[in-house]
Amino acid sequence: MAIERTLSIIKPDATERNITGLIVARLEGAGLRVVAQQRVWWKKKHAEEFYEMHKKRPFFDDLVKFMVSGPIVIQVLEGEDAIKKNREVMGATNPEEADAGTIRKDFAISLEKNSVHGSDTPENAKREIDLCFKKSEIVG
Ligand code: ADP
Ligand code: MG
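Keep in mind that what you see is a predicted model, and the values were worked out from it rather than measured.

(A) Layout of the sheet that holds strand β3 (residues 72–80). One open sheet holds the 4 strands; their spatial order is β2-β3-β1-β4, and the pairing between them is antiparallel. Both outer strands of the open sheet, β2 (33–40) and β4 (116–118), are each paired with one neighbouring strand and no more. Across this sheet, the average inter-strand angle for adjacent strands is 20 degrees, counted without regard to direction. In this sheet, β4 lies alongside strand β1 (residues 3–10) in antiparallel orientation, the contact comprising 3 bridges. Residue pairing in the sheet places I10 in a bridge with V116 of β4. Across the sheet, helix α5 (residues 82–90) lies against β1, β3 and β4, angled at about 35 degrees from β1, the strand it touches most.

(B) The arrangement of the site of ligand 1 in detail. Around ligand 1, the structure places K11, H54, F59, L63, R87, T93, R104, L111, E112 and N114. Between K11 and ligand 1, the recorded distance is 2.9 Å, taken from a side-chain N or O atom to an oxygen atom. H54 is positioned with one of its side-chain polar atoms (N or O) 2.8 Å from an oxygen atom of ligand 1. For ligand 1, the accessible surface in isolation is 530 Å², of which the surrounding protein chains cover 78%. Split into classes, the residues belonging to the shell around ligand 1 amount to 3 nonpolar, 3 polar and 4 charged.

The rules behind these values
Residues numbered from 1 in each chain as written. Chains lettered and ligands numbered in written order. Predicted model: local features only at pLDDT ≥ 70, side-chain atom pairs only at ≥ 80, totals over all residues. Heavy atoms only, no water. Pairing = 2+ DSSP bridges. Helix = DSSP H or I, 4+ residues; strand = E, 2+ residues; numbered from the N terminus. Axes fitted to C-alpha atoms, helices over the stretch in contact; angles between N-to-C directions. Contact = heavy atoms within 4.5 Å. Near = heavy atom within 4 Å. Polar contact = N/O pair within 3.5 Å; in protein donor to acceptor, adjacent residues only side chain to side chain. Areas by Shrake-Rupley, 256 points an atom, 1.4 Å probe, with all protein chains shown as cover. Nonpolar A, V, L, I, M, F, W, Y, C, P; charged D, E, K, R; others polar.

Coordinates in, geometry out; function isn't part of it.
Set out below in structure tokens:
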């Protein structure tokens, strides 16, 4: 399996509850390595650009509002099969459907306030990493 990088975000519902460390521990426990990390508070424009692919979805405006409602932690995770592995550790988008032991099952509040983001394809991982970090900010 190839070593990949993926973009992970700890969302405002999790920073608010002071559980970023608990979430990072889950990711690290699954063998993913944090090779870039920053706590930021996005402007509306940045959230809209990041979630551009969902622009036509009915939940888009609320999602953008939520993502700018507080600080978030953006991070690049590296590891074998990192894109898929991160999504496995995260669990299903809707916490009610997430498997036991996943981050969303254990920490998410709702379908919207679901604590974490993870890139879903290599193309999106590259796009999202490039949107969030300069090359020099990613160090293995
Ligand atoms: P994922 O984050 O699992 O990749 P999506 O890319 O489909 O899920 O959606 C992006 C984010 O938008 C979700 O993580 C969630 O915060 C929010 N979201 C998705 N679907 C809904 C919905 N039906 N109602 C409200 N919020 C939603
Ligand atoms: Mg997605």
